[in-house]
Amino acid sequence: MAGISGLGAPARAQAWHRLDSAASARPQVAALQVTDETGQPFGQNPFAQQARARFGRVEYRVVTAPYLRRRARIDLVLPPTVAGLLRPQGLVFEWRGLDGAQDGRLTPGKRQPLWTGVITQAVTPLAIELEMRLDLGAMGPWNGGHFGVEPGFELVLLP
């Protein structure tokens, strides 16, 4: 049987490592401000179609001890399903990276690079200025109470 040449070696699958963020100062972060799609206070508009929550500076601390002195990328990951959300596109995380973290935008079930470099600490601090946008039409039965989603962190080793 003849082979095909010139295609190169097959791509290696990346191995993702889930990181523990339990060392973070505040496991749950409350929004500092919630507005509707026009920028008005969310609670004052019973006909709001969108909620935009601003959390300000959020600091995470992820355990990276097993990867000391290794080059890596840390991604922010949102779970594919979020309680109360019917369509993943109805929820968007947006952030501005602080202290070396990268800017990004993310929807449920996706990942976005947050930091790339050499791991130099057993616990790596990651800081972002976070906003969350929620399309209320993407929500299932909901009584207007609290809504939340827990992001995760995953690491991939780089050459």
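The structure under discussion appears in the preceding block.
Computed from a prediction, not measured in an experiment: that's the story for all the values here.

Caption draft 1: Quick look at the overall build of the protein. Each helix and strand in the protein was counted, giving 0 helices and 9 strands. The linear arrangement of helices and strands in the protein, starting from the amino end, is β-β-β-β-β-β-β-β-β. Sequence separation of at least 24 residues holds for 76% of the intrachain contacts in the protein that already meet a minimum separation of 6. About 9,800 Å² of surface is accessible on the protein, with carbon and sulfur atoms providing 52% of the total.

Caption draft 2: View of the nonpolar core. In terms of nonpolar packing, the biggest core is built from 33 residues, with Ile 74, Phe 93, Trp 95, Leu 114, Ile 128, Leu 130 and Phe 153 touching the most fellow members. Elements represented by at least two residues in this core include exactly strand S3 (50–63), strand S4 (71–77), strand S5 (91–98), strand S7 (111–118), strand S8 (123–135) and strand S9 (152–157). With sequence-adjacent residues up to four places away left out, Leu 114 is seen in contact with Ile 74, Asp 75, Leu 76, Trp 95, Ala 101, Gln 102, Leu 126, Ile 128 and Phe 153.

Caption draft 3: Molecular detail of the sheet that holds S7. Pairing within the open sheet is antiparallel, and its 4 strands lie in the order S1-S9-S4-S7. Strands at the two margins of the open sheet, each flanked by one partner only, are strand S1 (16–19) and S7. Strand-to-strand twist in this sheet, taken as the mean axis angle between neighbours without regard to direction, amounts to 30 degrees. Summarising the sheet, S4 and S9 pair through 6 bridges and their orientation is antiparallel. By the bridge assignment, Ile 74 is partnered in S9 with Leu 155.

Caption draft 4: Inspection of the side chain of Arg 133 at higher detail. Along the chain, the position of Arg 133 falls in strand S8. A polar contact of 3.4 Å, which involves the side chain of Arg 133, links it to the side chain of Glu 94. Excluding its chain neighbours within four sequence positions, the residues that come into contact with Arg 133 are Gln 50, Ala 51, Arg 52, Gly 90, Leu 91, Val 92, Glu 94 and Arg 105.

Caption draft 5: Broad picture of the sheet that holds strand S6 (residues 104–106). In space, the 5 strands of this open sheet follow the order S2-S3-S8-S5-S6, with antiparallel pairing throughout. Both edges of this open sheet fall to strand S2 (33–35) and S6, since each of them pairs with a single strand only. Taken over all neighbouring pairs, the strand axes of this sheet differ in orientation by 25 degrees on average, direction set aside. When S3 meets S8, the two strands line up antiparallel, connected through 13 bridges. Among the inter-strand pairings, Arg 57 is bridged to a residue of S8, identified as Glu 129.

Caption draft 6: Summary view of the pattern of salt bridges. A complete count under the given rule lists 13 salt bridges for this structure. The salt bridge involving Glu 94 is made with Arg 105; its shortest N-O contact spans 3.4 Å. Residue Glu 94 is found in strand S5, and its partner Arg 105 is found in strand S6; the two are separated by 11 residues along the sequence. When salt bridges with common partners are traced through the structure, they connect Arg 52, Arg 54, Glu 94, Arg 105, Glu 131 and Arg 133 into a single cluster.

The rules behind these values
Residues numbered from 1 in each chain as written. Predicted model: local features only at pLDDT ≥ 70, side-chain atom pairs only at ≥ 80, totals over all residues. Heavy atoms only, no water. Helix = DSSP H or I, 4+ residues; strand = E, 2+ residues; numbered from the N terminus. Contact = heavy atoms within 4.5 Å. Areas by Shrake-Rupley, 256 points an atom, 1.4 Å probe, with all protein chains shown as cover. Core = buried A, V, L, I, M, F, W, Y, C linked by side-chain atoms within 4.5 Å. Buried < 20%, exposed > 50% of the residue type's maximum accessible area, 1.4 Å probe, protein only. Pairing = 2+ DSSP bridges. Axes fitted to C-alpha atoms, helices over the stretch in contact; angles between N-to-C directions. Polar contact = N/O pair within 3.5 Å; in protein donor to acceptor, adjacent residues only side chain to side chain. Salt bridge = Lys/Arg side-chain N within 4 Å of Asp/Glu carboxyl O.

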